[in-house]
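Inside the fold
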Amino acid sequence: MEAGAAGVEVEEGVMRVLLVDDSPVDRRVAQLLLSSNSCAGSFHVIAVDSAKKAMEFLGLKDGGGKEQAIDMVLTDYCMPEMTGYDLLKAIKALNSLKPIPVIVMSSEDEPQRISRCLNAGAEDFIVKPLQSKDVQRLRNCSTAAARPTKGGAAPCEAAAVAKRNNKPPLVLPPSAAATSPSGRRANLAGVAMVLHSSSVELSQYLPLLLKLVVLAYAILCLGELLHRWSSGGRCSLSLWCA
Amino acid sequence: MAAAALREQLNALLSSMFASGLVDDQFQQLQMLQEDGGTPGFVAEVVTLFCDDADRIISELAALLEQPIVDFDKVDAYVHQLKGSSASVGAQKVKFTCMQFRQLCQDKNRDGCIMALAVVRNEFYDLRNKFQTMLQLEQQIQAQQ
């Protein structure tokens, strides 16, 4: 375990990532992905094997909000004792001047799990196994100050998750107003918190509602088609469509 | 043996591993990362970690399935771990078998699980042999240079 002291000295522009994963294989793959030359040394990775250790590292256990030298947390979802989701909530509950972005990874590509994490304030959700193309998404979610975003940084959650799932993000509303990444993030975080606290159940029904709407529309179209086919005279259908 | 002949052997081995579906694109990505990224021994390290991890999990599974009353939740948790690490390393066959194994766990099908474990074990041993040969060949090639 490479957990270092809080005051990790890194060069300007290097993102300090706290990697949380109980699987030694996944930890190593993630570490190596982030420290390879193709990332141009822009990540400094600290790896821990449990959410509890992550909490200790971030000083959360003592209830203190001491300034941690971490720019981002990359955590696995499924872990024994304390899940990545619980860790995510604990980090987001911190009242810090510099909120830490959290990205959740999971081997399960489950829409409910994804929207639950995004609702809780996760900046992004990556389906494992981690690949080099996912590394750009980590950069997009950085809090490192004055970092010029390369290659047209897409908004973290919405575009990335949509691309991965070919579905529109279901719950987080667009925050058109905020233009800067941190402004947008704070905006979204605020709204996400409200949504989370007041309408967690609603968000679970939204996918169902959407499906019902689509189904109703499909039935209407089908009815229209059938009506046209049988316009030569089937009374029962024309009654229905009249 | 000359380095060229060794390299040919290694390439043939890797081709057959890909062709037979033993490993998938993820493994290729790891190999490419090692070549482009200047992190030598990357693949060897991950492969070794995977083999140790899988070995451990398979032993735990065997012990759990021998119990008179099987704790399918625990079995499922271990299979989930194995599925995860095989996906991360690109061990495709093992990963697919784990997926089927998980279904059998959820069905609480004890005999099915025992059979699935046997299949996973065989596939893992086969993969491990090929990995070991691959690493040996790489070392020999390195030694020649």
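Please read these numbers as outputs of a predicted model, since none were measured by experiment.

1. A few points about the packing of aromatic side chains
Scanning the entire structure with this criterion turns up five aromatic pairs over all chains. Taking 6.4 Å as the distance between ring centres and 35° as the angle between the ring planes, the aromatic pair formed by Tyr77(A) and Tyr85(A) counts as tilted. The exposure class of Tyr77(A) is buried, given its relative accessible area of 7%. Both rings, one in Phe50(B) and one in Phe124(B), keep their centres 6.0 Å apart while their planes meet at 80°; by these two values the pair is edge-to-face. Taken together, the positions of Phe50(B) in helix H3 (residues 42-66) and Phe124(B) in helix H6 (residues 110-144) put the pair 74 residues apart, joining distant regions of the chain. Each member of the pair, Phe50(B) as well as Phe124(B), is classed as buried.

2. Quick word on the environment of Pro24(A)
With respect to the helices and strands, the residue Pro24(A) is situated in helix H1 (residues 24-35). On the basis of relative accessible area, Pro24(A) is assigned to the partly exposed category, the value being 25%. The spacing of Pro24(A) and Asp49(A) is 25 residues in sequence and 7.7 Å in space, taken between C-alpha atoms. Apart from the residues lying within four places of it in its own chain, the contact partners of Pro24(A) are Leu49(B) and Asp53(B).

3. Thoughts on the sheet that holds strand E3 (residues 72-76) of chain A
Residues and elements named next belong to chain A. Strands sit in the order E2-E1-E3-E4-E5 across an open sheet of five strands; the sheet is parallel. Because the sheet does not close on itself, it has two edges, and the strands there are strand E2 (43-48) and strand E5 (124-127). Sheet twist, expressed as the mean angle between neighbouring strand axes with direction ignored, is 20°. Where E3 meets strand E4 (residues 102-106), four bridges bridge the pair, whose relative direction is parallel.

4. Quick look at the pairing of strand E1 (residues 15-20) of chain A
Residues and elements named next belong to chain A. Taking burial as the measure, the six residues of E1 include six buried ones, the bulk of the element. Burial of the side chains of E1 extends over both faces: Met 15, Val 17 and Leu 19 are buried on one face and Arg 16, Leu 18 and Val 20 on the other. Pairing geometry for E1 and E2, over six bridges, is parallel. Note on E2: the bridge partner recorded for Val 17 is Val 45. Pairing of E1 with E3, which is carried by four bridges, proceeds in the parallel orientation. Paired with Leu 19 across the strands is Leu 74, a residue of E3.

Procedures and definitions
Residues numbered from 1 in each chain as written. Chains lettered and ligands numbered in written order. Predicted model: local features only at pLDDT ≥ 70, side-chain atom pairs only at ≥ 80, totals over all residues. Heavy atoms only, no water. Phe/Tyr/Trp six-rings, centres within 6.5 Å; stacked < 30°, edge-to-face > 60°. Buried < 20%, exposed > 50% of the residue type's maximum accessible area, 1.4 Å probe, protein only. Helix = DSSP H or I, 4+ residues; strand = E, 2+ residues; numbered from the N terminus. Contact = heavy atoms within 4.5 Å. Pairing = 2+ DSSP bridges. Axes fitted to C-alpha atoms, helices over the stretch in contact; angles between N-to-C directions.

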